[in-house]
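Analysis of the macromolecular model
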Amino acid sequence: MSFWQRVLDLIFPVEERCFNCGSYYKSSELKGICPDCLAGMSFIENYCQYCGRALIGKNLGEDKNYCERCSKQDLSFDYARSITLYKGVIRTLLIKFKYYQETSLSKPLGQLLAMYYQYYYGKEKIDYLIPIPLHKKRFTERGYNQVELLADELAYETGLSVLKNVMLRKIATKPLYSLSAIERSEVIRGCFTLDTNTKLSSKGILLLDDIMTTGTTVNEAARVLKNEGDSGPVYVLTLASGQ
Ligand SMILES: [Zn+2]
Ligand SMILES: [Zn+2]
């Protein structure tokens, strides 16, 4: 920050309003999430090396680096990482972002993704950023795809190229949270398709979603990118994941 900017800030302090607690605070790096709410997020520190979900006692696999589920399964993506557990502050923010038209939340959430992108994937060769698509019907109802807004912000911060219309969602699935893992895979299988005009041959992909629960959705998307698009490695980044 320049000297004059500091002086200006003293005379006209820029105040931000926190989307979570509503309090006003002096602008910091993240626009819209105050330092207290940021500190209150459940950041994931100890995670499964494969799917990135938090390793918490009961879901530890025999090999302590993997969760119980990943000890037994082979997934289509190369590996996945999440920033926080889906609860508390991030849960409130994502509900506002998705269902209450608070689209300007893409700014702080995208900045957070950018920081973690560097941390988790800074050394990987990634050519394209692909947001998980929304079905046309959902897009029309909501007016925006929140994951695309996050992708735009992440691309702005990192310089990654976003591919938005390469993967399409041809089936509008019902919310998956009430289904078992097996039911989820059945429902999600075949719901994505690729625009065949775009060549992904051997390209490294960063697949972006807002929340990962069991990983079924991102796994199916990665399968399609590799099988139908002949892509290279697929890495997944999500803001939050379930336990
Ligand atoms: Zn706050
Ligand atoms: Zn795992």
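Report follows, based on the coordinates. (Residues numbered from 1 in each chain as written. Chains lettered and ligands numbered in written order. Predicted model: local features only at pLDDT ≥ 70, side-chain atom pairs only at ≥ 80, totals over all residues. Heavy atoms only, no water.)

1. Comments concerning the layout of surface pockets
Considered as a void within the structure, the largest pocket measures approximately 850 Å³ in volume. Lys98, Tyr99, Pro175, Leu176 and Ile211 are the residues nearest the centre of the largest pocket, which is lined by 36 residues in total. Residue assignment for the lining of the largest pocket shows that the elements contributing at least two residues are α4 (88–99), α6 (136–142), α7 (146–158), β8 (205–212) and α9 (216–227). Its residues assigned to classes, the lining of the largest pocket comprises 16 nonpolar, 11 polar and nine charged. Surrounding the second largest pocket, 16 residues form its lining, Gln73, Leu75, Ser185, Thr216 and Asn219 being those nearest its centre. Elements that contribute at least two residues to the lining of the second largest pocket include exactly α8 (181–188) and α9. Each residue belonging to the lining of the second largest pocket can be placed in one class, and the counts come to four nonpolar, seven polar and five charged. (1 Å grid on protein atoms, 1.4 Å probe; cavity = no way out; pocket = protein on both sides within 12 Å on 5 of 7 lines; lining within 4 Å. Points joined across faces, edges and corners; volume = space filled by probe spheres on them. Helix = DSSP H or I, 4+ residues; strand = E, 2+ residues; numbered from the N terminus. Nonpolar A, V, L, I, M, F, W, Y, C, P; charged D, E, K, R; others polar.)

2. Regarding the coordination of the zinc ion (ligand 1)
Four donors placed tetrahedrally around a metal ideally meet at 109.5 degrees, and six donors placed octahedrally ideally meet at 90 or 180 degrees. All of the protein donors around the zinc ion (ligand 1) are Cys18 (SG), Cys21 (SG), Cys34 (SG) and Cys37 (SG); their distances to the metal are 2.3 Å. Coordination at the zinc ion (ligand 1) is tetrahedral: its four donor atoms span angles of 104 to 113° at the metal. Sequence spacing of the donors to the zinc ion (ligand 1): C-x2-C-x12-C-x2-C. Here Cys21 is found in the loop between β1 (15–17) and β2 (24–26), whereas its partner Cys34 is found in the loop between β2 and α2 (35–39), with 13 residues between them in sequence. Overall, the relative accessible area of 42% leaves Cys21 in the partly exposed class. Of the residues examined, Cys34 reaches a relative accessible area of 4% and is grouped as buried. (Donors = N, O, S within 2.8 Å, 3.2 Å for Na, K, Ca; no water. Tetrahedral: all angles 85-135°; square planar, octahedral: opposite > 155°, others 65-115°. Buried < 20%, exposed > 50% of the residue type's maximum accessible area, 1.4 Å probe, protein only.)

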